[in-house]
Amino acid sequence: MQPLIDNARLFGQRPEEFAGLAEGQSPQVLFITCSDSRVVPALITGARPGELFELRTAGNIVPPYASEHPTSEACTVEYAVEVLGVRDIVVCGHSHCGAVGALVRGDDLTAVPAVRDWLTHATPRPSGTVEDPTVTEGVQSHVLTQLLRLRSYPYIERRLADRRLSLHAWFYEVHTGAVLTHDPQTDTFKAL
């Protein structure tokens, strides 16, 4: 913890770099990814403060749209699209994902009931090879499912229809640092 504290102290000693951020934010991208500590959106993209609006959830899950009982995830997506006017949404899964791996393997999650219940939003269950520790196939299919889920949000559907919004599926390899993007023409993930 001490190195983190030391960095936080130094970080706050450069107010001139951050003064403009007090005037508001206008990120162009909503970046939805996993809570996994190995996935750092600003590091992956080189973004500076104010350039990415981030949503991090266990397994980068986008829950179903529900106007009656909205989730914090749905509120974040709505704010990014309707208030901030982001032009792009990236859903970024990653290799070695514990959440997707648990789903692919069918792990018993009774010891972590909140996690178990959250992962029910990942339906359909991602496919993949149980023996693959990177769970690449499972994560990639899961990311595409989350894009489909986003398309069911009414305000996203409207913005996609009038081309004010684009959706992107990314896959980050934690063991190499490589980022792949889904190519809808070939239905494969390719290097950016």
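Now for a description of the structure that goes with this document.

The rules behind each value
Residues numbered from 1 in each chain as written. Predicted model: local features only at pLDDT ≥ 70, side-chain atom pairs only at ≥ 80, totals over all residues. Heavy atoms only, no water. Core = buried A, V, L, I, M, F, W, Y, C linked by side-chain atoms within 4.5 Å. Buried < 20%, exposed > 50% of the residue type's maximum accessible area, 1.4 Å probe, protein only. Helix = DSSP H or I, 4+ residues; strand = E, 2+ residues; numbered from the N terminus. Contact = heavy atoms within 4.5 Å. Pairing = 2+ DSSP bridges. Phe/Tyr/Trp six-rings, centres within 6.5 Å; stacked < 30°, edge-to-face > 60°. Disulfide = S-S within 2.5 Å. Salt bridge = Lys/Arg side-chain N within 4 Å of Asp/Glu carboxyl O.

1. Describing the nonpolar core
Judged by nonpolar contacts, the single largest core of 39 residues is most densely connected at Leu-30, Ile-32, Val-77, Val-86, Ile-89, Leu-150 and Ile-156. Among the elements that line this core, the one with the most residues is helix H5 (residues 98-105), at 5 residues. What Leu-30 contacts, discounting residues up to four positions off in sequence, is Phe-53, Glu-54, Leu-55, Val-77, Ala-80, Val-86, Asp-88, Ile-89 and Val-90. If you look at the next biggest cluster of nonpolar residues, it comprises 10 residues, including Phe-31, Val-39, Val-90 and Tyr-172.

2. Here we look at the pairing of strand E3 (residues 88-94)
Counting buried residues in E3 gives 6 out of 7 residues, a clear majority hidden from the surface. As defined by bridge partners, E3 adjoins strand E4 (residues 166-172) across 7 bridges and the pair is classed as parallel. Across the sheet, residue Asp-88 finds its bridge partner in E4, namely Ser-166.

3. Re the packing of aromatic side chains
In this structure the tally under the stated criterion is 6 aromatic pairs. Between the aromatic rings of Phe-31 and Trp-170, the centroid separation amounts to 5.8 Å while the plane-to-plane angle is 80°, which identifies the pairing as edge-to-face. Here Trp-170 lies in strand E4 and Phe-31 lies in strand E1 (residues 29-34), a separation of 139 residues in the sequence. Taken as a pair, Phe-31 and Trp-170 share a single burial class, namely buried. In textbook terms, an aromatic cluster arises when at least three aromatic residues are bridged by ring pairs, as seen for Tyr-65, Tyr-153 and Tyr-155.

4. Looking at the state of the cysteines
For the structure on display, the rule yields 0 disulfides. Between Cys-92, a cysteine without a disulfide, and Cys-34, which holds the nearest cysteine sulfur, the sulfur-to-sulfur distance is 9.7 Å. Relative accessible area serves as the criterion here: at 0%, Cys-92 is assigned to the buried category.

5. Considering the pattern of salt bridges
For the coordinates displayed, the defined rule picks out 9 salt bridges. Close ionic contact of Arg-159 with Glu-82 constitutes a salt bridge, the shortest N to O distance being 3.7 Å. Of this pair, Arg-159 sits in helix H8 (residues 154-161) while Glu-82 sits in helix H4 (residues 72-83), and the two are 77 residues apart along the sequence. Under the relative-accessibility criterion, Glu-82 is labelled partly exposed at 36%. Measuring nitrogen to oxygen at the nearest pair gives 3.2 Å for the salt bridge that ties Asp-183 to Lys-190. One connected set of salt bridges, linked through shared partners, spans Glu-82, Arg-158 and Arg-159.

The values reported here are purely geometric and, on their own, carry no functional implication.
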